[in-house]
Amino acid sequence: MTDYAVINPATGETLASFDTFTDAQIDEALAAADEAHREWSRSSTVAERAALVRRAAELHRERRDELADIFVREMGKPREAALGEVDFAADIAEYYADQAESIMADQPIAILGEGSAIIRRSSLGPLVGIMPWNFPAYQIVRFAAPNLIVGNTILLKPAPQCPESSSAIEKIYHDAGFPKGAYQNVLATNEQIATMIADPRVQGVSLTGSERAGAAVAEIAGRNLKKVALELGGSDPFIVLSTDDLDATVQAGVDARLDNNGQACNGAKRFIVVDELYDAFVEKFTAAMAAVTATDPMLDDTVLGPVASETAAVNLQKQIDQAVEQGATLLTGGTRDGAFFAPTVLADVTPEMNVYSEELFGPAAVVYRVADEDAAVELANDTTFGLGSYVFTTDAEQAARVADKIEAGMVYVNLVLADSPELPFGGVKRSGTARELGHLAADEFVNKKLIRIG
């Protein structure tokens, strides 16, 4: 889909539409990004770029209500969560402004011989960023802020259903003082994006999205020898091995599953519980999920709004229905009203069922009973995904042991929803190829130039 329009998932109403760029506009954007890199990026200091990113953080905070309202209209995020996302985006931009000098500092190398050597970081050039719809500000800033600090210029393709928020965020970067071409939206078709990636002026591409989209972009980037960073799907395990507060553990599970209306790549999706805790956990977890009602996302006390579109709700319904047809037990939910989907829990899922290996992108969870720690780890790793994971245990040695065995880019022990600007985000296997946030994000698209002095 490449038609850019704001369709409120809570009502189904089309609120705004935007024209896709012409090929001439795409070429103008490429030329402006290239010129900004050759002139502004190479003449500006790290401190000057950091000041601009800091001002962008301030503008996120000043415009938080406006941005949050747009997010609710575009993809149904509960308003309190939308405000929290704007604040987190500002925190990320501010973090990179604070860390800019450290990120770009020369790195000495202890050499085997006479003289000295350093690694000096510098920009590569214009980058294409292909963004998803589920976090309209957070996804953008974790790509844009570190790369603008480095001196790369940004050509940002928003999700088709997020043209209004991306326009508001583009204005933030312009109003912050970034020069023409440093940060631009491109409302491009898939064909135009392929052309942009192939263009010799573009030096890399970052995509957050589906496996299918990631594979397509990686193929184009590979043919054109361009660096590519991918952050794709996840089916994160939530492993319960022991607890001294079952109610708190259950609530953590509900929070981790319903965050962002169940549409977070690193949301807990598979709940793996040892035998002695399984019955009590599932009883409480199912009751807690059933107690949540999907309601108007503009209300201040809304916990769960609609999924991002009625199409997404229909697709989720098909997955749940198929699982039940194949023998899974529906403990609660499994129904929808337009784009509003009832919190859902499935049990008795086996490897032969489609849902065993699929990502459920919405407020739906699968619970599994396992005998012990080894069985929990084996099941957690029995997936093509490897983004995040959650481990709950009262045994510190067990926590370290399990964290070491889990095949994922991130492991959180005894806590959820703990992302932070300094913590790298990313996965392994089919969940992606890169890291965002923290210092590692600033190393994805940078020339690490060796300077060896005799």
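Residues numbered from 1 in each chain as written. Predicted model: local features only at pLDDT ≥ 70, side-chain atom pairs only at ≥ 80, totals over all residues. Heavy atoms only, no water.

Trainee: Honestly, the overall build of the chain in this entry has me stumped. Any pointers?
Mentor: Summing up its helical and strand segments, the chain has 14 helices and 19 strands in all. Over its C-alpha trace the chain gives a radius of gyration of 23 Å, about what one expects of a compact globule, namely 22 Å for 454 residues. Considered along the principal axes of its C-alpha atoms, the chain spans approximately 65 × 60 × 40 Å. Across the chain, every contact between residues at least 6 apart in sequence was considered, and the portion connecting residues at least 24 apart equals 72%. Entry remark: accessible area of the chain is about 18,200 Å², with carbon and sulfur atoms responsible for 50%. (Helix = DSSP H or I, 4+ residues; strand = E, 2+ residues; numbered from the N terminus. Rg over C-alpha atoms; globule rule 2.2 N^0.38 Å. Contact = heavy atoms within 4.5 Å. Areas by Shrake-Rupley, 256 points an atom, 1.4 Å probe, with all protein chains shown as cover.)

Trainee: When you look at the pattern of salt bridges in this model, what are you seeing that I'm missing?
Mentor: Side chains carrying opposite charge are able to pair once their charged atoms draw close together. Evaluated as defined, the whole model comprises 31 salt bridges. We note a salt bridge from Glu219 to Arg223, for which the minimum N-O separation is 3.4 Å. Residue Glu219 and its partner Arg223 are located together in helix H8 (residues 211-223), separated by four residues, close to a single helical turn. Summarising the burial analysis for this pair, Glu219 and Arg223 share the class exposed. Measuring nitrogen to oxygen at the nearest pair gives 3.4 Å for the salt bridge that ties Arg336 to Glu310. Here Arg336 is found in strand S13 (residues 336-337), whereas its partner Glu310 is found in helix H11 (residues 310-325), with 26 residues between them in sequence. Each of Glu373, Asp374, Arg401 and Lys405 takes part in a single network of salt bridges with overlapping partners. (Salt bridge = Lys/Arg side-chain N within 4 Å of Asp/Glu carboxyl O. Buried < 20%, exposed > 50% of the residue type's maximum accessible area, 1.4 Å probe, protein only.)

Trainee: Whenever I open this one, the side chain of Thr249 confuses me. Can you help?
Mentor: Checked against the element boundaries, Thr249 lands in helix H9 (residues 246-258). Residues in contact with Thr249, not counting those within four places in the same chain, are Phe238, Val240, Thr243, Phe281 and Phe392.

Trainee: Honestly, the packing of aromatic side chains in this entry has me stumped. Any pointers?
Mentor: One pass over the full model with this rule turns up 16 aromatic pairs. With a centroid separation of 5.5 Å and 85° between ring planes, the pair formed by Phe135 and Tyr138 is classed as edge-to-face. For the pair Phe135 and Tyr138, a shared accessibility class is recorded, and that class is buried. Ring centres of Tyr173 and Phe178 lie 5.8 Å apart, and the angle between their planes is 55°; this geometry places the pair in the tilted category. There is no split in this pair, since Tyr173 and Phe178 are both buried. (Phe/Tyr/Trp six-rings, centres within 6.5 Å; stacked < 30°, edge-to-face > 60°.)

Trainee: What exactly am I supposed to notice about the nonpolar core here?
Mentor: The nonpolar side chains of soluble globular proteins are, as a tendency, buried together. The biggest cluster of nonpolar side chains holds 120 residues, and the ones touching the most others in it are Phe238, Phe281 and Phe285. Looking at this core, the element that brings in the most residues is helix H4 (residues 79-104), giving 13 residues. (Core = buried A, V, L, I, M, F, W, Y, C linked by side-chain atoms within 4.5 Å.)

Trainee: Would you mind showing me how to read helix H10 (residues 275-290) here?
Mentor: The terminal C-alpha atoms of H10, which comprises 16 residues, lie 23 Å apart, in line with the 22 Å expected from a rise of 1.5 Å per residue. By the largest-angle criterion, Phe281 marks the main kink of H10, which is about 30°. Along H10, the residues that are buried comprise Leu277, Tyr278, Phe281, Val282, Phe285, Thr286 and Met289. At its buried positions, H10 is contacted by strand S10 (236-240), H9, strand S11 (268-274), strand S12 (329-332), strand S15 (344-347) and strand S16 (364-370). (Expected span 1.5 Å × (residues − 1). Bend = angle between axes of the 7 residues up to and from the residue.)

Trainee: Is there a simple way to explain the sheet that holds S12 in this structure?
Mentor: Hydrogen bonds along the backbone pair up the strands of a sheet, which may run parallel or antiparallel. Spatially, seven strands are ordered S12-S15-S16-S11-S10-S17-S18 in an open sheet, and the strand pairing comes out mixed. With one partner strand each, in any of the chains shown, S12 and strand S18 (412-413) form the two edges of the open sheet. One ladder, built from three bridges, connects S15 with S16; its direction is parallel. Looking across to S16, one finds that Thr344 is bridged to Ala364. (Pairing = 2+ DSSP bridges.)

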